[in-house]
Structures are given as C-alpha cells and as structure tokens.
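Observations on chain architecture
Residues per chain, in single letters:
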Amino acid sequence: MCVILQGFIVGLIVGIVVAIIASLIMFRIGIEHRKKIAEAEIGSAEQQARKILSEAQKTAESKKREALIEAKEEIHKSRLELERETKERRNEIQRYERRVLQKEELLDKKSEALEQKDEMLNKKLKEAQTLQDDLTQLQKKQVEELERISGLSVEDAKEYLLRNVESEVRHEMAIMIKDIETKAKEEAERKARDIIACAIQKCAADHVSEATVSVVPLPNDEMKGRIIGREGRNIRTLETLTGIDLIIDDTPEAVILSGFDPIRREVARITLEKLIIDGRIHPARIEEMVEKAKKEVENTIRQEGDHATFETGVHGLHPELVRLLGKLKFRTSYGQNVLNHSIEVSHLAGIMAAELGIDQNLARRAGLLHDIGKAVDHEVEGSHVTIGADLAKNTRKAMML
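I will try to describe carefully the structure that is included in this document. (Residues numbered from 1 in each chain as written. Predicted model: local features only at pLDDT ≥ 70, side-chain atom pairs only at ≥ 80, totals over all residues. Heavy atoms only, no water.)

Looking now at the packing of helix α6 (residues 283–312) against helix α8 (residues 338–356). Across the interface, α6 lies against α8 with an axial gap of 10 Å and an inter-helix angle of 15°. Our classification of the angle between α6 and α8 gives roughly parallel. Viewed along their axes, α6 and α8 form a crossing whose handedness is right-handed. Packed against α6, whose contacting residues are Glu304, Ala308, Glu311 and Thr312, the element α8 presents Leu339, Ile343, Ser346 and His347 at the interface. Within the contact of α6 with α8, the residues separate by chemical class into 3 nonpolar, 3 polar and 2 charged. (Axes fitted to C-alpha atoms, helices over the stretch in contact; angles between N-to-C directions. Helix = DSSP H or I, 4+ residues; strand = E, 2+ residues; numbered from the N terminus. Parallel < 35°, antiparallel > 145°, perpendicular 65-115°, else oblique. Left-handed = near helix turned anticlockwise from the far one by under 90°. Contact = heavy atoms within 4.5 Å. Nonpolar A, V, L, I, M, F, W, Y, C, P; charged D, E, K, R; others polar.)

In structure tokens:
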C-alpha cells in the first residue's frame, strides 16, 4: 500500500513537472509569436509613417508654391494700384498747375487793366485840378465884380443875407411848428379813439348786477321750522359760524341770506343747501357742513384764479395773488363782478398795447391785477389801489427770495 502511494505521488510530481515544462515552452512560443507580430506591425507603421511624411512634404511643397504664386499676384496687384494712384496724382498735379498758370495769366491781365485805369485816373485828376483852378479864378473875378457893383464886401453881404434868411426862417418855423402841433393833437385823439373803440369791439363782457343778499329755495315751508330749530338753536349756530343773517319771513318756500361779505354769504348758501338735501339739521351737523362749504368755496376760489390767469395768458403769478384773484369772483363793484371786470380790463390793455407796439404781456398783467386790492380792502386799511400795489410788491419780494 505504501509502495502504491509512493508511486502515485511520484507520478503526480512528474505530471506536475511535465505540465510546468509544457507551460514554459508554450509561454516562450507565445512570446516569440507576439514579438514577430510586433516587429511586423512596427515595420508596417514605419512604412505608413514614411508614406505620410512623403505626402506631407509633397503637400507642403504644393502649399509653398501656391503661397508664392499668391504673393506674386498680390505684389503685382499692389504695383498696378500704386502705378494707377501715382498716375492719378500726377494728372491732378498737372491740372492744378494748369489752373495756377491760368490764374497767373488772369492776374497779369487784371494788373495791366488796373495800370491802365490808374493812368486814366491820373490824367483825369490833372484835368479836374486844372478845371478847379480855372473855376477858382473865375469865382474870384465874379466876387470882385459883385463887390464893385454892390459896394459891399463879402463879409457884409454874408451878414446881410443871414439876417434876412434868419428872420424868414424863424417865421416859417413858427407857422410849421403850430401846424405840426395841431395835426399831432388831432392825430393822437383820432388814434386814441380808434384804439379804444377797437379794443372795446374785440372784448365785450357782460355786466352782472349782484346784491348783498342771496335767496335759497326750500322744498316746502315746513323746512323753515327745521332750519330755526328748537328755541332757535339751529339758526343761531348757522349765523354764528357763517357771520351771515338768515331772514325767514313770509316769502314762500325761500330763505334770504343777508351779508356784505360775499364769500361768507356763499359759504352760508352752500351750507344751507347741503343741509336741506341731507335733511339732518342740528348744531353738530351744521358745523360739519360749514367746514365742508368753506373747503368747497376755497377750491372754487383757486379754480377761478387759475381760470382767470389762463384766460388772459398771464403766467408766473405768486399763488397768493392767484387766490386773491379767485376771491374777486365773489366781489362786485358798480354793479359788475370784479373778476370779470379785471379779465375784461386785461384783454383791453393787451389789445391797446398791441396797437401801440408795446409789451402786451406786461399790459395784460397790469390790467388783471389793477383791482386786486378789492379782494382784501375790507380787511386792510387804505384804498384798494395802495393795497393792491403793496400786495404786488410783497409777493414779488417773496418770489425773488
């Protein structure tokens, strides 16, 4: 059994050794084969590389020849262009030279003509000098003859003539001045009438007659009792807040508002109309409506002032002056609304300024502001003219600051 086992082990070892030797032989054969394949591939790659290099050299030579040809063509084109430009410049220079020669010839001709004219002028000057000398001699002889005939010297004759001429001229001047003054007065009066008539025809405004009372219509007579209120508290509150007297008499369905301040009267009118529409009439509601009416009247004042400046084309006024213009909407003078009157005067002043050829903008501005003092004459002492001038000066100073 041991012998068999030993034989098996020896056979196994021999088999393993044989297998290892066979593997080594196969490995070497593979190495040799791969080496041959690699050498073959290297040779093929070298041939391919030589082929590519040869083709690249041929392509480079071809590109080089093409580049040389293109360079030669470009040089040829540049040479032709340069020759063309040189030829054009040469032709242009030749044209300039011809023009210069022509101008020189023309100047030579003009110079010759001037020389000839100079000679002719010198000749005529000499002839004129000769004639002047002859005339001087002749005049001297005539003066001597006149002195001999008249028995007066030249100075005496001059003095005598001057005295006579001066007397006649003074008399004629006096007559002429009187005629001119008369014609100037007549023309000035005629022109003034034409200007004023033209201005009035171009600008005619309606005259509005307004009184110191306003009438508020009522929906019914029962509203009078609600306006008076319990123990008269509503009417007292309304009169106290507005400063206007409410006259509730037998006039059917109407309440009369009486007061000299038109703005207060307008506030009272708007307040009463709002209360009548609202229906709730009590002291707190009256106070609320009075404040709303004051704001509404103030907005109306500013809108009317802006409208007046826009209509007359007077711009750049101080905002306070514009507001005062708006207050004139509620002021009357001699039965006419003062704001409408101011706008009318502004237009008239502009038209007359255009007729006279003076500053129209300044004339319109002066016409619009000529009654501005009437907006506050019941608040400030003095005539409306003085008040208006002071207002204009103060607002001008404020705008300059």
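Structure's up, so let's keep going.
Taking 1.5 Å per residue as the helical rise, α6 with its 30 residues ought to reach 44 Å, and the 43 Å between its terminal C-alpha atoms agrees with that figure. For α6, the set of buried residues is Arg285, Ile286, Met289, Val290, Ala293, Val297, Ile301, Gly305, Ala308, Thr309 and Thr312. (Expected span 1.5 Å × (residues − 1). Buried < 20%, exposed > 50% of the residue type's maximum accessible area, 1.4 Å probe, protein only.)

The backbone phi angle of glutamate 231 is positive, close to 55°, even though this residue is not glycine. Along the chain, glutamate 231 falls in the loop between α3 (222–228) and α4 (233–242). For glutamate 231, a relative accessible area of 71% corresponds to the exposed category. Positive phi is not limited to glycine here, since glutamate 253 has a value of about 50°. Along the polypeptide, glutamate 253 turns up in the loop between β2 (245–247) and β3 (254–258). Since its relative accessible area comes to 41%, glutamate 253 is described here as partly exposed.

Membership of the largest hydrophobic core comes to 25 residues, with the highest contact counts inside it found for Ile227, Leu246, Val255, Leu257, Leu272 and Val297. For this core, the secondary structure elements donating two or more residues are α3, α4, β3, α5 (262–278) and α6. Counting residues per element, this core draws most heavily on α5, which supplies 7 residues. Once residues lying within four places of it in the same chain are set aside, the contact partners of valine 255 are Ser214, Val215, Val216, Leu218, Ile227, Leu246, Ile247, Ile248 and Leu272. (Core = buried A, V, L, I, M, F, W, Y, C linked by side-chain atoms within 4.5 Å.)

The next thing to look at is the sheet that holds β2. Overall, antiparallel pairing links the 3 strands, which are arranged β1-β3-β2 in an open sheet. In this open sheet, the two edge strands, each paired with only one partner strand, are β1 (213–217) and β2. With strand direction ignored, the average angle separating the axes of adjacent strands in the sheet is 25°. Sheet analysis places β2 next to β3, joined by 3 bridges and oriented antiparallel. Among the inter-strand pairings, leucine 246 is bridged to a residue of β3, identified as leucine 257. (Pairing = 2+ DSSP bridges.)

Another point: α5. The end-to-end C-alpha distance of α5 is 24 Å, a good match for the 24 Å that 17 residues give at a rise of 1.5 Å each. If you check the start of α5, you find a side-chain oxygen 3.0 Å away from the backbone N of isoleucine 263, and it comes from aspartate 261. The positive-phi residue at the C-terminal boundary of α5 is glycine 279, with phi of around 90°. (Polar contact = N/O pair within 3.5 Å; in protein donor to acceptor, adjacent residues only side chain to side chain.)

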